[in-house]
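For reference, the chains in residue letters:
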Amino acid sequence: MATVGAHIISADLSPAYCRDTTPSSGKSKRNQILKRRLAVSNEQAQASTASRSTAATRSFAHNELEAETKRRVSVDEYCSEGNGKRLKDYFDEAERVIRSSSSDGGPPRWFSPLECGPHSPQSPLLLFLPGIDGVGLGLIRHHQRLGKIFDVWSLHIPVKDRTSFTGLVKLIETTVRSENCRSPKRPIYLVGESLGACLALAVASRNPRIDLVLVLSNPATSFSRSALQSTIPLLELMPSQITLSLSSILSLMTGNPLKMVMDNVVKGLSPQPTIEQLSQDLVAVSSYLPVLADILPKETLLWKLELLKAASAYANARLHAVKAQTLVLSSGKDQLLPSQEEGQRLTSALPKSQLRSFEDHGHFLFLEDGVDLVTIIKGASYYRRGKSLDYISDFMPPTATEFNELNEENRWMSVLMSPVMLSTLEDGKIVRGLSGIPSEGPVLLVGYHNLMGFEVHTMVPQFLIERKILLRGLTHPILFVDSKDGGLPDLGPYDKFRIMGAVPVSAVNFYKLMSSKSHALLYPGGMREAMHRKGEEYKLFWPETSEFVRTAATFGATIIPFGTVGEDDVAQIVLDVDDQMKIPFMKSQIEEWTKQYIKVRTGTEGEVGNQPIHFLFYLPKVPGRFYYYFGKPIETKGMFH
């Protein structure tokens, strides 16, 4: 199939879904319009009439605005994060899109939502592949945030379109190959839900050499094991005059509409929705049945179910050829597909994959409250602008919502432990609070790792709250890779550490943190200190040779030694590693884990290199108070000249 091109703006969608294409006078050459054409297959172009062909391939100028070369979000930029869209907006805009595209009956086409706004020239391309609805607005609640870090295109499949699955695959593939030729050093993200996930897998299997990142929400690869397949013969027998019931339509389109309306009230994580907002969503669910009927009339629904059947068979037959980095999102209350089981199956079959589960959510995950795609991608460390992930230049600081949600999880610890932080000014005076910590980096905080590393949970948030300083903790790599590469079997619980800036400990990452003038947090004793044995409270296990001073001095970093007391007074170790090694089944498990998981100090002598992978068994004591003492800053500028 010859490449017709890859133009982002479609011909016949409403202008509300296409960015302003009028170039302003006086723009620099870097801001000149970049023309792209609609990607369509030869088969579709030949089958169209002359007027349809003209409409489908009509070009619009895409106004590329100049952005900063390397985007670094400040912690002061919290207030600009919001998405702002609700369930009602999905129905409103879906109705407009359907009305705009229904007149021509043309082929599928790409569009770029206006609300995504301008993006950085370094932003990777994100192609959204819709599910059974085909509208292309499944990410409407995420457009604003996605638009800040991606160049977002959405695929719209008109209601009357009958393009085959392989035809859709070729259309997407044409765009992927064209954009890869245009920007070969940047990844292309394929975000697909149900049917769209199968499309993403199919394209990835056919293009293993292109750098693709797949984000798959409730993939329809499980269609053969779902209740949907059995509905095909029933729908064929149903008279066309009989419409689907309210419960069936709502189940199909929204999974759990009442939950979507009430999530904010139950969780209490975002501002309380007003009565007006709640009523708007409740009314939307019932009053937009005509829109749902327009999206999936009987003939279209039958076609989409047959399309799902073909998509599932095609994708499953080619799973072995998928080499792309893949993030699978599975809902626990998906009433259409067995998504939880399918998520586990896919992550076992795909070599570069991770799984994130959403126990209380339905099939159309991206339309539900409490789900933020940008946060999910950040937490999994799946956002990158180049061939490989750079934990420093690709990092985006947490937003206010992300920080508040994570801080809420640790609030009980702050309440029980009542941490007191003392810092030292340059003149040696000890003050309560963190005023002794320099605002400008590079700064290196070096300290003792308390039991289980619990001191981090209260220290990192306090730095951000009191001083607006984000500590980048150098952390064991076991928290960053899955079990296939020597990491933990379930990385989901540790997404919060990555969102808050944790970095795999390595000489390269430490060098980059210092060169970027960051505030880095280093524990030379590492896992050996945090998982210490009985009777080793507050004992240092540091390497014999210096591992950080010379690098810190190279960039004139300020080193702040610190210590924490209190954690070992609130917990009593019951079984340490020595005790567990005396129990046969525990011993074999520790030996297996230690052999399997990635190691940090393989060649280091002494106790600091003795880091068997194990769990600690402990009992809590009566809560005490944590005390943090940050010593006098040590200036290293000129130390080794």
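Up top is the structure.
These figures come from a predicted structure and were not determined experimentally.

As for the overall build of the chain
Within the chain, the secondary structure is distributed over 23 helices and 20 strands. Counting only residues that meet the buried cut, the chain has 56% of its 641 residues in that class. Considering only contacts within the chain whose residues lie at least 6 apart along the sequence, 84% involve residues at least 24 apart. On the chain, roughly 27500 Å² of surface is accessible, and the fraction owed to carbon and sulfur atoms is 56%.

Focus: unusual backbone geometry
A negative phi angle is the norm for most residues apart from glycine, just as the trans form is the norm for most peptide bonds. For the bond from Gly 441 to Pro 442, the omega torsion is 5°, close enough to zero to count as cis. Position of Pro 442 relative to the elements: it lies in the loop between strand E11 (430-432) and strand E12 (443-447). Even without being a glycine, Asn 218 presents a positive backbone phi close to 45°. Topologically, Asn 218 is positioned in the loop between strand E7 (212-217) and helix H7 (228-237).

Some remarks on the nonpolar core
The biggest cluster of nonpolar side chains holds 59 residues, and the ones touching the most others in it are Phe 165, Ile 172, Val 176, Leu 190, Leu 212 and Leu 214. The leading source of residues in this core is helix H6 (residues 195-206), at nine residues. Membership of the second largest hydrophobic core comes to 30 residues, among which are Leu 444, Phe 510, Phe 548 and Ile 573.

Comments concerning the pairing of strand E15 (residues 519-522)
With burial as the criterion, each face of E15 is covered, one bearing His 519 and Leu 521 and the other bearing Ala 520 and Leu 522. Bridging between E12 and E15 involves four bridges; their strand directions are parallel. Across the sheet, the residue bridging to Val 446 is Leu 522, located in E15. One ladder, built from three bridges, connects strand E13 (residues 471-475) with E15; its direction is parallel. When the sheet's bridge partners are listed, Gly 473 is paired in E15 with Leu 521.

Describing the packing of helix H5 (residues 165-182) against helix H12 (residues 298-317)
At a minimum axis separation of 9 Å, H5 and H12 run at an interaxial angle of 65°. Contact residues: H5 offers Phe 165, Thr 166 and Leu 168, while H12 offers Leu 307, Ala 310, Ala 311 and Tyr 314. Residues that form the contact of H5 with H12 fall into these classes: six nonpolar, one polar and no charged.

Some thoughts on the sheet that holds strand E3 (residues 109-111)
Pairing is mixed in the open sheet, where seven strands are placed in the order E3-E5-E4-E6-E7-E8-E9. Each end of this open sheet is capped by a strand with a single partner; those strands are E3 and strand E9 (353-358). Averaged over all neighbouring strand pairs, the angle between strand axes comes to 20°, with direction disregarded. Two strands pair when backbone bridges link them, and E7 and strand E8 (residues 325-331) are joined in this way by five bridges, in the parallel orientation. Bridge pairing in E8 links Leu 214 to Thr 326. Against the sheet, helix H13 (residues 339-349) makes contact with E8 and E9, and its axis sits at roughly 160° relative to E8, the strand it touches most.

Overview of the pattern of salt bridges
What the rule picks out here adds up to 20 salt bridges. The residue Arg 206 makes a salt bridge to Glu 173 at a minimum N-O spacing of 2.9 Å. Pair noted here: Arg 206 is in helix H6 and Glu 173 is in helix H5, with a separation of 33 residues, a long-range link. For Arg 206, a relative accessible area of 33% corresponds to the partly exposed category. Taking the relative accessible area as the measure of exposure, Glu 173 reaches 5% and is therefore buried.

Considering the packing of aromatic side chains
For the structure shown, the criterion picks out 14 aromatic pairs. On the basis of an interplanar angle of 25° and a centroid distance of 6.1 Å, the ring pair of Tyr 494 and Phe 497 is categorised as stacked. Since its relative accessible area comes to 25%, Phe 497 is described here as partly exposed. Geometrically, the ring pair formed by Tyr 511 and Phe 555 is edge-to-face, given 4.9 Å between the ring centres and 75° between the ring planes. In this pair, Tyr 511 is assigned in helix H19 (residues 507-515) and Phe 555 in the loop between helix H21 (549-554) and strand E16 (558-565), connecting sequence segments 44 residues apart.

Cut-off values and rules
- Residues numbered from 1 in each chain as written.
- Predicted model: local features only at pLDDT ≥ 70, side-chain atom pairs only at ≥ 80, totals over all residues.
- Heavy atoms only, no water.
- Helix = DSSP H or I, 4+ residues; strand = E, 2+ residues; numbered from the N terminus.
- Buried < 20%, exposed > 50% of the residue type's maximum accessible area, 1.4 Å probe, protein only.
- Contact = heavy atoms within 4.5 Å.
- Areas by Shrake-Rupley, 256 points an atom, 1.4 Å probe, with all protein chains shown as cover.
- Core = buried A, V, L, I, M, F, W, Y, C linked by side-chain atoms within 4.5 Å.
- Pairing = 2+ DSSP bridges.
- Axes fitted to C-alpha atoms, helices over the stretch in contact; angles between N-to-C directions.
- Nonpolar A, V, L, I, M, F, W, Y, C, P; charged D, E, K, R; others polar.
- Salt bridge = Lys/Arg side-chain N within 4 Å of Asp/Glu carboxyl O.
- Phe/Tyr/Trp six-rings, centres within 6.5 Å; stacked < 30°, edge-to-face > 60°.

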